[in-house]
Each structure stands twice: as C-alpha cells, then as structure tokens.
Amino acid sequence: MTDSNGSQPSLRFSSISTAPPDPILGLTEAFLADQRSDKMNLSVGVYKDASGQTPVLNCVKAAEQRLLENEKTKGYLPIDGAADYRKAVQRMVFGEAISSDRIATLQSPGGTGALRTAASFLASEMPPMRVWASTPTWANHHAVFAAEGLPVESYRYLAADQKSLDFEGMLEDLTSKASRGDAVLLHACCHNPTGIDPTSDQWDVIAKTLSERGLLPLIDFAYQGFGHGIREDAASIEAILQQNQEAIVCNSFSKNFGLYGERVGAISIVAGDAGAASAVQSQLKRLVRCNYSNPPRHGGSIVATILGCDELTSQWESELAAMRDRIKALREQFVTTMQRTGKGHDFGFLLDQCGMFSFSGLNKMQVDQLKSDHGIYIVGSGRINVAGMLESKMDSFCAAIADVLEN
C-alpha cells in the first residue's frame, strides 16, 4: 500500500517493543508449554483439590441453578452494581462495626478492579499523595497504583531472617518516612506473598499509628476466611476502624467462593458521615463510567444468592472451612515431609504463616533450578502457593526442594 504521493507510509506500530511477561501469569504460560508429565505449578494463587483441579463449590452450583430457574434479565447493572450484592459485601467485610450509611460500596471486576478504582479515586480526588506498600507485597500492587500516576513507596515488613515480621521496622518507616495524607496499603489477612500477619495487639498499634500520623488505611482483603475464619480475618479491619474514621477496603471473592474466572470484587470507602459517603459514591461512579461502565452480573449474583439464603450460606461456610483446613494440613505435611525426606531441612517457621501462600526463603537461583531441573514452577521471590500442593506429590516436591538447597 502506498500513500497519495506514491511512497510507502510509515507504520505507527512497528516501533512498539514487546512487553516483558507478567512475573506470575508468565510462569503459567511457561508451565503449559512444559512437556514433563510430573511438572507442578505453585505460582498462581488458585486453590486445588486433591486431584489437582480447581473445584466449583457445591453452594455455587446450587446458586447458579436458582439463577438459571429464576433470572429474568441479562440487562446492564447500575454503575455501582447490584444493591443486594453491595449490602452483602458490607455485611461480610464490616459486620456490625460501623453504620452502613457511612460506607460507599461499588461492585467491581475482581479485587484488581477494586484496587484500580481506588487508585483512580486517590489520584482524582485526593491531594498529591504517596501509597506505601509492604516489602514484599503482591507483585501487581505497584503497577496498579503507578498506572494512575501515584508514587509507590515501600515500608519494611519481612524481617532479615525471611521468616518473621519486622514490626519495629514497619512502624519506624510509617512514623518517620510517610507523610500526613499518604495512604498505607495493608493486607487484612493472609499476607501475599509471605503468609505472615501481624498479631491482634500489633494491629492495634498499627491502627493507632495510622490515626496519629494522619495516614489513610488502604486495605486489600482478598483472602477472607482462608486464615482463621470469616469474622476472625476481618478483625484487623475492625481494629483499624476503631481508631480511624476513614478507610478504603478492596475485597475479592475469587478465593473464598472459588469464583476466579467470574471476577467478583468490591471497593468500599468508609467516610466520616453519611453525606461524605454519598459524595464519595458519586465520584466512584463517575470514575467507573468512563472505565468499564458497569460491572458484570453473573458472579455478583452468585455471591448475593448464597449470602441471601441461610441454607446456602451455611453450606458455603462449611466448604470454605474445608478448604482452609486442607491448606493448613498441606502446610503441616510439607514441614513434616521436609524433616523426613528433605535431609533435615527445618521449615517449621511455615507453621506460623497462614492463608494460601508461604514465603519459602528460596532464592532466585534455587527457584530457577526448581523449574529447570524438576519442572516445579514458583514465583521468583520464593513464594509458594500452598493451596496448589498435592498430597500425592509431596514426597517428590520435598525431594526437589532438598536437592536445590544442597546445590
């Protein structure tokens, strides 16, 4: 093709460089291309049952059957999502801790969508500010907030021993480095990637520090029920709200309902009074309208149906407890198997961690060796998805870990 002058036109896209693969999802692509039959993928945070499948919960199937029989439309949802879903989110996240008229809640496409909406809100409506994230944190956190032009700084979290919380370092950074008005990104429970959470007493101190320093709590709540229990995992949020009038909570139902592909989440902003919450809601709707316009219907309808029925709620709580207990048992099996077949390597510190992930302490070279020599894929930081382990492969997995530790 030539232009009107008979010359070859310039190609606008020919200079675009190839983006690097996502540090986590890129591993899945490599895993799928791996031809070894004994390969294992412990990188992406999805729960797997003993057969290696990510199951559909029975309560979800029952809710979908009800939707199939009773749903009357596939029309658009409102910008902020379905009202029954938003009320269910508020009950799940906050319980009876605060009045609902102080909470602006929007249904979002997954927890990531909630975080990106939070980033848009902070960049649009708040004065110039920074977001402080733990070291380490979920790999996508920095990119989500940086995409909205928000500077992202780091506070200490994982101690030098790679096994415990550097609580004093965390407080020192938030006290001496963060400025009034900055946002502090916290993991409500089941810290990703370390699995290390503050104690109840430490949460009280964190809440007091945020209040005294004028820092905005920005809470990622992706694993409710995977730590110690549904309400127990929300205790950190309740502690923060006892000493802070305002907060942002981004939650996800991917893990605790097994709705990974449905992309079901929400952003909830707690304001000082009902008038402020109403204004916040209007601004969130404005930001969403020029982004994805309104959220998908199906996943939110599943959650609202389950949480709106006592029978299905009870069934869900039972299935969630079974997943939580199995993850705990897998962590214990890994520790004991390493002691038995792993040449005496002590991973007992993992027993103090909770949730889907454990921070193994493996370095990048050892992670690479696991992949190349054994077909075992974990994140470069050494994070292991405990929920992806298989009882039937635990001996070979631990033998591989021992091998790379010896070399």
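Reading the values: rules and limits
- Residues numbered from 1 in each chain as written.
- Predicted model: local features only at pLDDT ≥ 70, side-chain atom pairs only at ≥ 80, totals over all residues.
- Heavy atoms only, no water.
- Helix = DSSP H or I, 4+ residues; strand = E, 2+ residues; numbered from the N terminus.
- Buried < 20%, exposed > 50% of the residue type's maximum accessible area, 1.4 Å probe, protein only.
- Contact = heavy atoms within 4.5 Å.
- Areas by Shrake-Rupley, 256 points an atom, 1.4 Å probe, with all protein chains shown as cover.
- Core = buried A, V, L, I, M, F, W, Y, C linked by side-chain atoms within 4.5 Å.
- Salt bridge = Lys/Arg side-chain N within 4 Å of Asp/Glu carboxyl O.
- Pairing = 2+ DSSP bridges.
- Axes fitted to C-alpha atoms, helices over the stretch in contact; angles between N-to-C directions.
- Parallel < 35°, antiparallel > 145°, perpendicular 65-115°, else oblique.
- Right-handed = clockwise from strand over helix to strand, strands pointing away.

Caption draft 1: Region of the structure containing the overall build of the chain. Counting its regular elements, the chain contains 13 helices and 11 strands. Here the C-alpha coordinates of the chain stretch approximately 75 × 60 × 55 Å along the principal axes. Per-residue burial over the chain gives 52% buried out of 407 residues. Partitioning the contacts of the chain with sequence separation of at least 6, the portion at a separation of at least 24 is 75%. Summed over its atoms, the accessible surface of the chain is roughly 18,400 Å², and 51% of this surface lies on carbon and sulfur atoms.

Caption draft 2: Up close: the nonpolar core. Within the largest apolar cluster, 96 residues are counted, with the highest numbers of intra-cluster contacts made by W316, F334 and F397. Sorting elements by how many residues they give to this core places helix α11 (residues 310-341) first, with nine residues. If near-sequence neighbours (up to four positions away) are discounted, W316 is found in contact with L57, C59, M92, I230, N256, F257, I306 and L307. Counting 26 residues, the second-largest nonpolar core is a separate cluster that includes M129, L185, L216 and L287.

Caption draft 3: Representation of the pattern of salt bridges in the model. Counted by the stated rule, this structure contains 13 salt bridges. A salt bridge links D173 to K177; the shortest N-O distance between them is 3.5 Å. When its relative accessible area of 47% is taken as the criterion, K177 is described as partly exposed. Connected through shared salt-bridge partners, R156, E172, D173 and K177 make up one network.

Caption draft 4: Expanded view of the sheet that holds strand β3 (residues 131-135). An order of β2-β8-β7-β6-β5-β3-β4 is seen for the seven strands of this open sheet, with the pairing classed as mixed. Each end of this open sheet is capped by a strand with a single partner; those strands are β2 (103-109) and β4 (152-156). Taking each pair of neighbouring strands and ignoring which way they run, the sheet shows an average axis angle of 25 degrees. Alignment of β2 against strand β8 (residues 264-270), held across seven bridges, turns out to be antiparallel. Residue Q107 lies in a different strand from β8, and its bridge partner there is A266.

Caption draft 5: Examining the packing of helix α6 (residues 167-176) against helix α7 (residues 200-213) more closely. Between α6 and α7, whose axes approach to 10 Å, the crossing angle comes to 10 degrees. Between α6 and α7, the interaxial angle falls into the category roughly parallel. Between α6 and α7, the contacting residues are F167, M170, L171, L174 and T175 on the first element and Q202, V205, I206, T209 and R213 on the second.

Caption draft 6: Molecular detail of the pairing of β3. In terms of burial, β3 is a largely internal element, four of the five residues being buried. With five bridges joining them, β3 and β4 adopt parallel strand pairing. Counterpart to W132 in the pairing with β4 is E153. Tracing the backbone out of β3, into helix α5 (residues 141-146) and back to the parallel element β4 gives a crossover that is right-handed.

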